[in-house]
Amino acid sequence: MQLVKLHLLLFLMSFCTLNARAQQFKERVYLKDSMTFYEGYVIEQAPAKYVKIYRLKERDTVTVALSEVLKLTKEYVIDTVAAIKKVSAKKLATTYTKLAFVELLGAGVLYSINYDMRTAKGKRNGWGFRVGIEYINAIVKDTVAGINTRTDVSFTAIPIVLNYLFGNRKSFLELGVGATYFKFKGNATSISSIETYKEETLKGTFGSIIGNLNIGYRHVPYRSGFMYRIAYTPLLLDDSFQTFFGIGLGYHF
């Protein structure tokens, strides 16, 4: 019974030693044929006789005569997962979290192309802002009683929103308040006199500012990649907020 306990103790000590060494380095035994090598941990070495190495992948032990050994090297192993996390954390600490997305409906009413950024380096949440642009141009031609008419209308919207994100992983609650500048411009050309066929052009331009709110959900991956958001975006019209929604699809970089 004592012998069994001794063997068990030796096994546990060897296992712990191998795991501790696995976190530090690996060893390679290169043979003189310049083509063969064994990778693992040297567990026994007899001067001028042999070296015994435990192979990791094969999980076995190989004994090699020293007369056949060309060289023995030791290579330190980097914890890949820890290294990636360390690099990612360092990169995040020196950069701003930025997004580019297209919002359907929302602050632009029809659509808008937006750029969004946090105001503090290394922060995925907290204060930020978004700026967007929308442009639509429509040309309508018609013929009434042999008279040609043409209407050219353009519409521009620029939403600007200050927002705050609650959350610290991939999912965030988004609260925001802002305003959208709208500009309408139209040209209408028609025949004002059938007798003289005199053309008449009517032009009009006007702009307005509409307030908006944002209450929604935002999903942003840790690394660069696809992001999306959905929000309740009421618009301030005629001194009252009108119910509206927006859906955003874009990229985190």
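A. Expanded view of the pattern of salt bridges. For the coordinates displayed, the defined rule picks out 10 salt bridges. Where Arg 55 meets Asp 60, a salt bridge forms, and the shortest distance between an N and an O atom there is 2.7 Å. Here Arg 55 falls in the buried class, since its relative accessible area comes to 18%. The class for Asp 60 is partly exposed, based on a relative accessible area of 26%. Here the salt bridges do not stand alone but share partners, grouping Glu 103, Asp 116, Arg 118, Arg 130, Glu 174, Arg 218 and Arg 229 into one network.

B. Structural context of unusual backbone geometry. Unlike most non-glycine residues, Leu 105 shows phi in positive territory, near 65 degrees. Looking at the secondary structure, you find Leu 105 in strand 6 (residues 98-105). Taking the relative accessible area as the measure of exposure, Leu 105 reaches 41% and is therefore partly exposed. With a phi close to 75 degrees, Val 109 is a non-glycine residue in the positive phi region. As for its placement among the helices and strands, Val 109 is situated in the loop between strand 6 and strand 7 (111-118).

C. Structural detail: the side chain of His 219. Relative to the assigned elements, His 219 resides in strand 11 (residues 198-219). Side-chain polar atoms of His 219 contact the side chain of Tyr 217, separated by 3.5 Å. Excluding anything up to four places from it in sequence, His 219 contacts Lys 170, Ser 171, Met 227 and Tyr 228.

Cut-offs and rules
Residues numbered from 1 in each chain as written. Predicted model: local features only at pLDDT ≥ 70, side-chain atom pairs only at ≥ 80, totals over all residues. Heavy atoms only, no water. Salt bridge = Lys/Arg side-chain N within 4 Å of Asp/Glu carboxyl O. Buried < 20%, exposed > 50% of the residue type's maximum accessible area, 1.4 Å probe, protein only. Helix = DSSP H or I, 4+ residues; strand = E, 2+ residues; numbered from the N terminus. Polar contact = N/O pair within 3.5 Å; in protein donor to acceptor, adjacent residues only side chain to side chain. Contact = heavy atoms within 4.5 Å.

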